[in-house]
Amino acid sequence: MRHIKFSDFLDDLYVYPEYTNLTLNDYLKLSDNKSIIGGLRQGDFINTVLVKNGQLLDTRSKVTPTSSEINDGVKPGDQIRTFAWDDYTILPIICFEICFPELYYNISDKVDLITHHVGFPMFNQHQYTAWNALQKAVCEHFHAPIVSVCGGPSTKLNITQVIRPVEIEKWI
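For the structure given in this document, a descriptive report is provided here. By convention here, each chain's residues receive numbers from 1 onward along its written sequence. A pLDDT threshold of at least 70 governs which residues receive local features in this predicted model, and a stricter bar of 80 or more applies before side-chain atom pairs are shown or counted, although totals over entire chains, interfaces and linings include all residues. The basis for every side-chain value is the complete set of non-hydrogen atoms in the structure, without hydrogens or water.

1. Structural notes on the overall build of the protein chain
A count of helical and extended segments in the protein chain gives three helices and 10 strands. Numbering of helices and strands starts at the N terminus; helices are DSSP runs of H or I of at least 4 residues and strands are runs of E of at least 2. Listing the helices and strands of the protein chain from first to last along the sequence gives β-β-α-β-β-β-α-β-β-β-α-β-β. Taken over C-alpha atoms, the radius of gyration is set against a globule rule of 2.2 Å times the number of residues to the power 0.38. At 15 Å, the protein chain has a C-alpha radius of gyration in line with the 16 Å of a compact globule built from 172 residues. On the principal axes, the C-alpha backbone points of the protein chain span a range of 50 × 35 × 30 Å. Burial classes: relative accessible area under 20% of the type maximum marks a residue as buried, over 50% as exposed, and values in between as partly exposed (1.4 Å probe, protein chains only). Within the span of the protein chain, comprising 172 residues, buried residues form 49% of the whole. Accessible surface is estimated by sampling points in the Shrake-Rupley manner with a 1.4 Å probe; for residues, cover comes only from the protein chains shown. Of the roughly 8700 Å² of accessible surface on the protein chain, a fraction of 53% belongs to carbon and sulfur atoms. A positive count includes Lys and Arg, and a negative count includes Asp and Glu. His and the chain ends are not counted in either. For the purpose of locating charges, the reference atoms are NZ of Lys, CZ of Arg, CG of Asp and CD of Glu. Computed over 15 positive and 20 negative side-chain charges, the inter-centroid distance for the protein chain is 6 Å.

Here's what the structure looks like:
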């Protein structure tokens, strides 16, 4: 299962993609002595959950399901919001939500980390380039690193990566 271990913070955080074969119980078992943020289908929703040490800390539903997800019975969630994790604030963005900055640019919380949970590799180089640009823009807007984890096969169009904001001092 593809995931990224992100250790820039005091604790280890494992980030999983939008689609996994994992259930909430699987995530809870996996989170013994660590924290995990990842996607899963729960009923009519595609959710991102944050778990730590076997406890569910937070969950939210995808706001912008695709037409194929809607045809599969997925309902949209209410809003994009941040998760509190220890002394940090995480902004989880689920897949296609990255294309709608009006959904998250008005978040006034200080964001320490952005996670982008992607279902499948990009369809073509144009989409890969566009999503990479969107990720960089979100990273710079919040001046926080973004960890993107993409499910599916490892291809050149798999957008799993870590992007860090540019240091302003380097521009001067």
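2. A closer look at helix α3 (residues 125-142)
An α-helix turns once per 3.6 residues; consequently, residues spaced three or four apart project the same way. By this rule, a helix spans an expected 1.5 Å times one less than how many residues it contains. Taking 1.5 Å of rise per residue, the 18 residues of α3 would be expected to cover 26 Å, and the 26 Å separating its terminal C-alpha atoms lies within 8% of that figure. A 3.5 Å cut-off defines polar contacts: any pair of N or O atoms within that distance qualifies, except that in protein one atom must be a possible hydrogen donor and the other a possible acceptor, and neighbouring residues in sequence count only when both atoms are side-chain atoms. Structurally, the start of α3 carries an N-cap: the backbone nitrogen of His 126 is 3.1 Å from a side-chain oxygen of Asn 124. Once α3 finishes, His 143 follows within two positions and takes phi at roughly 45°, a positive value.

3. What to know about the pattern of salt bridges
When a carboxyl oxygen of Asp or Glu lies within 4 Å of a side-chain nitrogen of Lys or Arg, that pair is called a salt bridge. The tally for this structure, following the rule as stated, stands at eight salt bridges. In this structure, the salt-bridge partner of Asp 86 is Lys 52, at a minimum N-O distance of 2.5 Å. You can see Asp 86 sitting in the loop between β6 (83-85) and β7 (88-94) and its partner Lys 52 sitting in strand β4 (residues 45-52), a full 34 residues away along the chain. By relative accessible area, Lys 52 is classed as buried at 17%.

4. Regarding unusual backbone geometry
Working note: non-glycine residues mostly have negative phi, and peptide bonds are mostly trans. Phi angles above zero are rare outside glycine, and Asn 53 is one such case at about 50°. Following the sequence through the fold, Asn 53 ends up in the loop between β4 and β5 (55-61). The partly exposed category is assigned to Asn 53, whose relative accessible area is 40%. The backbone of His 143 shows a phi angle near 45°, a positive value even though the residue is not glycine.

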